[in-house]
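Close look at the chain arrangement
The residues making up each chain are set out below.
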Number of protein chains: 2
Amino acid sequence: MQTRYRQIVETYWQAANARRWEDFAELIHPEVCYEVPQTRERIVGRERYTEFNRTYPGDWRIEVERLVADDQQVVSKVSFATGEHSCVGISFFEFRDDKIYRIVDFWPEPYEPPVRLIHGVERY
Amino acid sequence: MQTRYRQIVETYWQAANARRWEDFAELIHPEVCYEVPQTRERIVGRERYTEFNRTYPGDWRIEVERLVADDQQVVSKVSFATGEHSCVGISFFEFRDDKIYRIVDFWPEPYEPPVRLIHGVERY
C-alpha cells in the first residue's frame, strides 16, 4: 500500500499541474473530505473538491519537494508558485478503496521570529 | 529503518515532554541542522539544539497527532500546548547513523480564508 498510495499522490499532483481534471477526479473518493485547519474550511465531495481545484485562481504550478508514505498515509510538501510568488503547502492524505478519502492541508506563512533565549540561532 | 526511525521520533517527543534532556540529546546527531523555513532560522549542532529546546519558555506539552514514516524520513504533526493556547507543529526528520540529522519545522498559524470561487466551502 505504501508504494500504491505514494503513486496516487504523485499522479494527483501531476494531474493538477496538467489541468487534467478528469484524471484528477479519478483519484478522489466520492465522499472525500478536504480540510484546512488554519481557516477551518471544509469541502466535502469529489465533484465540489475537483471544482475547487479547477477554478483555483492564478497560473499556478505545484512542485513536489517531499513525499513521505507509509501503509496508511502520505504527506507531501509542495511549493505552490504563481509567477514570482511561491508558498509552501503541506498535505496529509488518507485513503479508502484506493482513492484519496481525506486531505488535511496546511499553508504555513513566513513570520517574524520571537526573541530566542539561546545564542547561535542563525538566519538564512 | 521505517520502524526504527519512527521509534526514534516517538522517543524524541517523549523525552521532550518529560524534560529528559540527556535522553533527548542521545537521539540527536552531533552535527544536527534544525531549520524553520517560515522565519529562516537555523540552529546547528546537538548541544545548541538541545539547549534551544531545554530553555524553550512556557510550561509546554507536546501531543503527537500524526506520525508518518518511510525508509528515509519521518513526519510528525504535533499539538504544542501551553495552558489553554495550542498550536500545530509539523516536523520533517532525516537521519544519519541512526540519529536525527536534520529537522525542518513548520508552525502554521490560523488565517482568514480568501474569497472562494465555488459554493459549498463550509467552516467548522
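Here goes a summary of the coordinates provided. Note that the structure is a prediction, hence the values are computed from the model and not measured.

**Topic: the relation of the copies chain B and chain A**
What relates the pair of chain copies is a rotation about an axis plus a shift along that axis. Superposing chain B onto chain A requires a rotation of 180 degrees together with a translation of 0.0 Å along the rotation axis, leaving an RMSD of 0.0 Å. Put plainly, the chains are arranged around a two-fold axis. Rotation axis and chain B: the residue whose C-alpha lies nearest the axis is P108(B), separated from it by 2.1 Å.

**Observations regarding the packing of aromatic side chains**
Counted under the stated rule, the structure contains 32 aromatic pairs over all chains. Measuring from centroid to centroid gives 4.8 Å for Y12(B) and W13(B), while their planes differ by 75 degrees, and the two rings are edge-to-face. You can call Y12(B) buried: its relative accessible area is 1%. Overall, the relative accessible area of 8% leaves W13(B) in the buried class. For the ring pair F80(B) and W107(B), a centre distance of 5.7 Å and an interplane angle of 80 degrees mean the geometry is edge-to-face. With a gap of 27 residues between them, F80(B) in strand β4 (residues 73–82) and W107(B) in the loop between β6 (99–106) and β7 (122–123) connect regions that are remote in the sequence. Here the two residues F80(B) and W107(B) agree in accessibility, since each one is buried. Grouping aromatic residues by their ring pairs yields a cluster made of Y12(A), W13(A), W21(A), F24(A), Y34(A), Y49(A), F52(A), Y56(A), W60(A), F80(A), F93(A) and W107(A). Cation over ring: R19(A) sits above W60(A), and NZ or CZ is 3.7 Å from the ring centre.

**What to know about the pattern of salt bridges**
Close approach of charged atoms allows side chains with opposite charge to pair. As enumerated under the stated definition, the model contains 22 salt bridges over all chains in all. Here the salt bridges share partners, and the residues they tie into one network are E35(A), R42(A), E94(A), R102(A) and R66(B).

**Description of helix α3 (residues 46–54) of chain B**
All names here are of chain B. Those residues of α3 not exposed but buried are Y49, T50, F52 and N53. Along the long axis of α3, the arc covered by the buried residues comes to 155 degrees, so they all point the same way. On the buried face of α3, the contacting elements are α1 (2–17), α2 (21–26), β1 (28–36), β2 (41–44), β3 (60–69) and β6.

**Some thoughts on the sheet that holds β3(B)**
Read from one edge to the other, the open sheet built from 7 strands follows the order β7(A)-β2(B)-β1(B)-β6(B)-β5(B)-β4(B)-β3(B), with strand pairing classed as mixed. The sheet terminates laterally at β7 (122–123) of chain A together with β3 of chain B, the two strands that pair on one side only. Pairing between β7(A) and β2(B): 2 bridges, direction antiparallel. In the sheet register, E122(A) faces β2(B), and the bridge partner there is R42(B).

**Some points on the interface of chain B and chain A**
Counting residues at the interface gives 49 residues for chain B and 49 residues for chain A. For the pair chain B and chain A, the summed buried surface comes to about 4700 Å²; carbon and sulfur atoms form 57% of the total. Counting across the chain B and chain A interface gives 6 salt bridges. The salt bridge involving R6(A) is made with D70(B); its shortest N-O contact spans 3.3 Å. Between chain B and chain A we count 18 residue pairs in polar contact (both at pLDDT 80 or more) in total. For the side of chain B that touches chain A, the residue count by class is 25 nonpolar, 7 polar and 17 charged.

**Points about unusual backbone geometry**
It is generally the case that most residues other than glycine have a negative phi and that most peptide bonds are trans. Even without glycine at this site, R40(A) takes up a positive phi of about 60 degrees. Of note, R40(A) is situated in the loop between β1 (28–36) and β2 (41–44).

**Concerning the layout of surface pockets**
All names here are of chain B. Volume-wise, the largest pocket comes out at about 560 Å³. Of all the secondary-structure elements, those providing two or more residues to the lining of the largest pocket are α1, β1, α3, β3, β4, β5 (85–96) and β6. At 4 residues, β5 tops the list of elements feeding residues into the lining of the largest pocket. Among the residues forming the lining of the largest pocket, the class breakdown is 21 nonpolar, 5 polar and 3 charged.

What counts and how
Residues numbered from 1 in each chain as written. Chains lettered and ligands numbered in written order. Predicted model: local features only at pLDDT ≥ 70, side-chain atom pairs only at ≥ 80, totals over all residues. Heavy atoms only, no water. Least-squares fit on C-alpha atoms with pLDDT ≥ 70 in both. Phe/Tyr/Trp six-rings, centres within 6.5 Å; stacked < 30°, edge-to-face > 60°. Buried < 20%, exposed > 50% of the residue type's maximum accessible area, 1.4 Å probe, protein only. Helix = DSSP H or I, 4+ residues; strand = E, 2+ residues; numbered from the N terminus. Lys NZ or Arg CZ within 6 Å of the ring centre and 35° of its normal. Salt bridge = Lys/Arg side-chain N within 4 Å of Asp/Glu carboxyl O. Arc of directions from axis to C-beta. Contact = heavy atoms within 4.5 Å. Pairing = 2+ DSSP bridges. Buried area = accessible area lost by both parts, 1.4 Å probe. Polar contact = N/O pair within 3.5 Å; in protein donor to acceptor, adjacent residues only side chain to side chain. Nonpolar A, V, L, I, M, F, W, Y, C, P; charged D, E, K, R; others polar. 1 Å grid on protein atoms, 1.4 Å probe; cavity = no way out; pocket = protein on both sides within 12 Å on 5 of 7 lines; lining within 4 Å. Points joined across faces, edges and corners; volume = space filled by probe spheres on them.

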